[in-house]
Amino acid sequence: MVTAVYPGSFDPVTNGHFDIIKRASMMFDEVVIGVLNNSEKKSPLFSMEERVIMLRDATAGLPNVKVECFDGLVVDFVRSKDSHIIIRGLRTMSDFDSETSMAQSNRLVAPDVDTLFLSTSVEYSYLSSSMVKEYARYGAPVKDFVPENVALMLEKKLHLTNLN
Ligand code: PNS
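None of the values given here were measured: they were computed from a predicted structure.

A. Region of interest: the packing of aromatic side chains. Scanning all chains against the criterion turns up 4 aromatic pairs. The interplanar angle of 15° and the centroid separation of 4.7 Å between the aromatic rings of F70 and F77 together place this pair among those described as stacked. Judged by its relative accessible area of 7%, F70 falls in the buried class. Each ring, one from Y126 and one from F145, has its centre 6.1 Å from the other, and the planes form 70°; the classification is edge-to-face. Of this pair, Y126 sits in the loop between β5 (114-119) and α5 (129-137) while F145 sits in the loop between α5 and α6 (148-157); the two residues are 19 residues apart in sequence, bridging distant segments of the chain.

This is the structure we're talking about:
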């Protein structure tokens, strides 16, 4: 059985992430989404538990996808899942720069772990969790950017109505 790990902050999961998850789920026996309990990103909008719940709801229709959280190095989490594959999405050249550095440094510390890049579908090339949060904060509609359950959670979290 081949397992791949898709790590990230997912604060919150967007349709761009979901597209990567769906495509990866068709390539591997199992995809484990690793939600980083990220101490470097000072104040995520959503708690780790909320991010995990939103991802579980959004991926409920994908039976070979699991959602877990982790602390520490992504390569250690990957190994703990008996995997050697990290999935990352690439949108832009700046993603390419930062993601290549991360993949290369990960290979230095864990030569048995490889990173597989999936190019983001063109309709999501502009999309990021930060952009979604910014729009949502100012009451703009986000229904085209995130799964339905996430739009509802954003509405609840930001005490806004009419995000749709
Ligand atoms: O969604 P993000 O914020 O782009 O995800 C970044 C993530 C989780 C992939 C990255 O921060 C990461 O791998 N963090 C775990 C800590 C780690 O392994 N650091 C070494 C990588 S250079």
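B. Representation of unusual backbone geometry in the model. Cis geometry is adopted by the peptide bond preceding P12, which originates at D11 and carries an omega value of 0°. By secondary structure assignment, the location of P12 is in the loop between β1 (3-8) and α1 (15-25).

C. The pattern of salt bridges, seen in detail. The full count for this structure, using the stated rule, is 11 salt bridges. A salt bridge links D11 to K133, with the shortest nitrogen-to-oxygen separation between them at 2.8 Å. Of the two residues, D11 sits in the loop between β1 and α1 while K133 sits in helix α5, which places them 122 residues apart along the sequence. Residue D11 is classed as buried on the basis of its relative accessible area of 7%. Looking at K133, the relative accessible area reads 14%, which means it is buried. A salt bridge links R88 to E99; the shortest N-O distance between them is 2.7 Å. Of this pair, R88 sits in strand β4 (residues 85-90) while E99 is found in helix α4 (residues 93-109), placing the two residues 11 residues apart along the sequence. Residue classification places E99 among the buried positions, given a relative accessible area of 8%. Shared partners join several salt bridges into a network, and the residues in it are E30, K66, E68 and K81.

What counts as what
- Residues numbered from 1 in each chain as written.
- Predicted model: local features only at pLDDT ≥ 70, side-chain atom pairs only at ≥ 80, totals over all residues.
- Heavy atoms only, no water.
- Phe/Tyr/Trp six-rings, centres within 6.5 Å; stacked < 30°, edge-to-face > 60°.
- Buried < 20%, exposed > 50% of the residue type's maximum accessible area, 1.4 Å probe, protein only.
- Helix = DSSP H or I, 4+ residues; strand = E, 2+ residues; numbered from the N terminus.
- Salt bridge = Lys/Arg side-chain N within 4 Å of Asp/Glu carboxyl O.

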